[in-house]
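Examining the three-dimensional arrangement
Here is what each chain is made of, one letter per residue.
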Amino acid sequence: DDMGYTAGVNRAILQCFMEGSLSSTTLLARGQAFEEAVEVCKATPALGIGVHLALTEMHPAAPRHEIRELLTSEGLLPPTPGCLLLSLKRGKISQKALVRELDFQVSRVVDAGLRPTHLDSHKHVHAIPEVLEAVIQVARRHAIRWIRSPFEASAGLDLFPLVGRGERILFCKQHAKARIFSIFKRHFLRRIGQEGLRCPEHFCGVSLTGIWNEAAMIFLLQHLPHGTSEWMLHPAFCDKDLSRQKTRLLQQRQNELDLLLSARWRDLLERYKIALVPYGGATE
């Protein structure tokens, strides 16, 4: 996730791809290093490129006067998924505004000369039914067939003993959030199927966001279910540019980068005969 966020994120994702450690990324249309990210993507056409849709925290892509109901008094998107959800349930945000903003984000990627393979979203807000409907409209408009299914398996609790002692409270909080989001799963999969869209069969990465380590990585690959799985990560070089951003993931991004570039990662892929493919590439 987060291609285009900073130059250090772009360099990290590119290096991982060049060394055969990852196959797909999602581009943040409002990221400060978006233009550079586009050039990187054009130079590496085998890298699967999706769009990392954002409806919280950031500056909007659409003209502010067209989506005023979606913005805070400071002209930003809602600060948290909870704030977004509350405004949606109170009827303060229209479907039209959601579609308008998301369409501008995808259009910025398409207009830059890239063809997105899939969509996902910052903080997985596309699991919210009202947002999902907007994402479906935008996906159909741009002939995008794949969407991330952001629902982590309950087996994620098996990773608890592998987490550092100082990180276990954070793990429990993140796992609890993942389980709460699962209330949208049945509706999500039903609507995706009705619209003829597709998603990988399995997903992981929420409970251990920012706290991955080698032991957890090994466990993940040893217990990978049959079929296509998506592992969400946020690799980056932890440089001064990243430290100036409003993100809690700083050194954690560097740690994930180090895992992906490790010889251990490549050895495990070979040992368990795991193929890395661009988004959707396993079945197309």
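As shown above, the structure is provided for reference.
Here we summarise the structure given alongside this text.

What counts, and where the lines are drawn
- Residues numbered from 1 in each chain as written.
- Predicted model: local features only at pLDDT ≥ 70, side-chain atom pairs only at ≥ 80, totals over all residues.
- Heavy atoms only, no water.
- Buried < 20%, exposed > 50% of the residue type's maximum accessible area, 1.4 Å probe, protein only.
- Helix = DSSP H or I, 4+ residues; strand = E, 2+ residues; numbered from the N terminus.
- Pairing = 2+ DSSP bridges.
- Right-handed = clockwise from strand over helix to strand, strands pointing away.
- Phe/Tyr/Trp six-rings, centres within 6.5 Å; stacked < 30°, edge-to-face > 60°.
- Axes fitted to C-alpha atoms, helices over the stretch in contact; angles between N-to-C directions.
- Parallel < 35°, antiparallel > 145°, perpendicular 65-115°, else oblique.
- Left-handed = near helix turned anticlockwise from the far one by under 90°.
- Contact = heavy atoms within 4.5 Å.
- Nonpolar A, V, L, I, M, F, W, Y, C, P; charged D, E, K, R; others polar.
- Arc of directions from axis to C-beta.

**Describing the pairing of strand β2 (residues 48-53)**
- Of all six residues in β2, six are buried; the element is thus mostly enclosed.
- A two-sided burial pattern is seen for β2, the buried positions comprising G48, G50 and H52 on one face and I49, V51 and L53 on the other.
- Of the pairings in the sheet, the one linking strand β1 (residues 24-27) to β2 comprises four bridges and is parallel in character. Paired with L27 across the two strands is V51, which belongs to β2.
- Handedness of the β1-helix α2 (residues 34-43)-β2 crossover: right-handed.
- Both β2 and strand β3 (residues 118-121) contribute to a ladder of three bridges, which runs parallel. Within the sheet, the bridge partner assigned to H52 lies in β3 and is D120.

**Side note on the packing of aromatic side chains**
- If you walk through the whole model with that rule in mind, you get six aromatic pairs.
- Each ring, one from F151 and one from F188, has its centre 5.3 Å from the other, and the planes form 75°; the classification is edge-to-face. You can see F151 sitting in the loop between β4 (146-147) and α6 (168-181) and its partner F188 sitting in helix α7 (residues 185-194), a full 37 residues away along the chain. For the pair F151 and F188, a shared accessibility class is recorded, and that class is buried.
- Summarising the aromatic geometry, the rings of W212 and W231 are spaced 4.9 Å apart at their centres and angled 65° between planes, so their arrangement reads as edge-to-face. Separated by 19 residues along the polypeptide, W212 in the loop between β5 (202-204) and α8 (214-222) and W231 in strand β6 (residues 229-231) bring together distant segments of the chain.

**Digging into the packing of helix α1 (residues 7-18) against helix α10 (residues 251-261)**
- Running from N to C, α1 and α10 cross one another at 15°; their axes reach a closest spacing of 10 Å. Classified by the interaxial angle, the pair formed by α1 and α10 is roughly parallel. The way α1 lies across α10 gives a crossing that is left-handed. In this structure, α1 uses A12, Q15 and C16 to contact α10, whose residues at the interface are L257, L260 and L261.
- Its residues assigned to classes, the contact of α1 with α10 comprises five nonpolar, one polar and no charged.

**Regarding helix α11 (residues 263-271)**
- Within the sequence span of α11, burial applies to W265, L268 and L269. The arc that holds every buried residue of α11, seen down its axis, measures 100°, which confines them to one face. Along α11, exposed side chains directed more than 90 degrees from the buried face belong to E270 and R271.
- Against the buried residues of α11 lie α8, β6 and α10.
- Phi turns positive one or two residues past the end of α11, at K273, with a value near 55°.

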